[in-house]
Amino acid sequence: MKAFPEEVQDHIGFALYQAQIGAKHRDAKPLANLGSGVLEVVSNFDTNTYRAVYTVRFRDAVYVLHAFQKKSKRGIATPKAEIDLVRRRLKAAEQHHAAAHGKDAKL
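Residues numbered from 1 in each chain as written. Predicted model: local features only at pLDDT ≥ 70, side-chain atom pairs only at ≥ 80, totals over all residues. Heavy atoms only, no water.

Engineer: Can you walk me through the overall build of the protein in this structure?
Structural biologist: Tallying secondary structure elements over the protein gives two helices and four strands in all. For the protein, the sequential pattern of α-helices and β-strands runs α-β-β-β-β-α. Here the protein has a C-alpha radius of gyration of 14 Å; the compact-globule value for 107 residues is 13 Å, and the two agree. Based on the C-alpha atoms only, the size of the protein along its principal axes is roughly 45 × 25 × 20 Å. Looking at the protein as a whole, 38% of its 107 residues qualify as buried. In the protein, the share of contacts with a sequence separation of at least 24, taken over all contacts with a separation of at least 6, comes to 42%. Approximately 6800 Å² of the protein is accessible, and the part contributed by carbon and sulfur atoms is 52%. Here the protein carries 18 positive and 11 negative side-chain charges, and the mean point of each set is 8 Å from the other. (Helix = DSSP H or I, 4+ residues; strand = E, 2+ residues; numbered from the N terminus. Rg over C-alpha atoms; globule rule 2.2 N^0.38 Å. Buried < 20%, exposed > 50% of the residue type's maximum accessible area, 1.4 Å probe, protein only. Contact = heavy atoms within 4.5 Å. Areas by Shrake-Rupley, 256 points an atom, 1.4 Å probe, with all protein chains shown as cover. Lys, Arg positive; Asp, Glu negative; His and termini not counted. Charge placed at Lys NZ, Arg CZ, Asp CG, Glu CD.)

Engineer: Would you explain helix H2 (residues 80-101) in this entry?
Structural biologist: Every α-helix winds through 3.6 residues per turn, so residues three or four apart in the chain are directed the same way. When the terminal C-alpha atoms of H2 are compared, their 31 Å separation across 22 residues agrees well with the 32 Å that a helix rising 1.5 Å per residue should span. All buried positions along H2 are accounted for by Ile83, Leu85, Val86, Leu90, Ala93 and His97. Within H2, the buried residues cover an arc of 150 degrees as seen down the axis, which keeps them to one side. Across from the buried face of H2, at angles greater than 90 degrees, the exposed residues are Lys80, Ala81, Arg88, Lys91, Gln95 and Ala99. (Expected span 1.5 Å × (residues − 1). Arc of directions from axis to C-beta.)

Engineer: Would you explain the pattern of salt bridges in this entry?
Structural biologist: If the charged atoms of two oppositely charged side chains come close together, the side chains can form a pair. Tallied over the full model, the rule gives four salt bridges. Across the pair Arg51 and Glu40 runs a salt bridge whose closest N-O atoms are separated by 3.3 Å. On the criterion of sequence distance, the pair formed by Arg51 in strand S3 (residues 48-58) and Glu40 in strand S2 (residues 38-45) is long-range, its members being 11 residues apart. The partner of Arg57 in a salt bridge is Glu94, and the shortest N-O contact between them spans 2.9 Å. Linking Arg57 in strand S3 with Glu94 in helix H2, this pair joins segments that are 37 residues apart in sequence. Where salt bridges share partners, they join Lys80, Asp84 and Arg87 into one cluster. (Salt bridge = Lys/Arg side-chain N within 4 Å of Asp/Glu carboxyl O.)

Engineer: Is there a simple way to think about the pairing of S2 in this case?
Structural biologist: Two elements, strand S1 (residues 28-30) and S2, share three bridges in a ladder whose sense is antiparallel. When the bridges of S2 are listed, Pro30 appears paired with Leu39. Across eight bridges, S2 lies against S3 in antiparallel orientation. From the neighbouring strand, Val41 faces S3, where its bridge partner is Ala52. What sits between S2 and S3 in their antiparallel hairpin is a turn of two residues, with Asp46 showing a positive phi close to 50 degrees. (Pairing = 2+ DSSP bridges.)

Shown next as structure tokens:
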């Protein structure tokens, strides 16, 4: 996210802050086919689209799974390669969180 424009960093950063305090940003939407608790924030700036995907599945942590600039001009859907990466990182986050906090730390 550090490579994103400052306005985009502010927008996505505020959405992540709201997730940390248990709120949901108005621009946060569930990411299809990944189950509950996986959200995406889309930020448009200067004809470019930036996205951040995070999970709120855990009681005491918010994991940012991926942040990227969408470069494809073919529709608004998140590209399959990006979804596959999010799935892998979600699995890694679940393993990390279970190791660090125990299996009962999910919501």
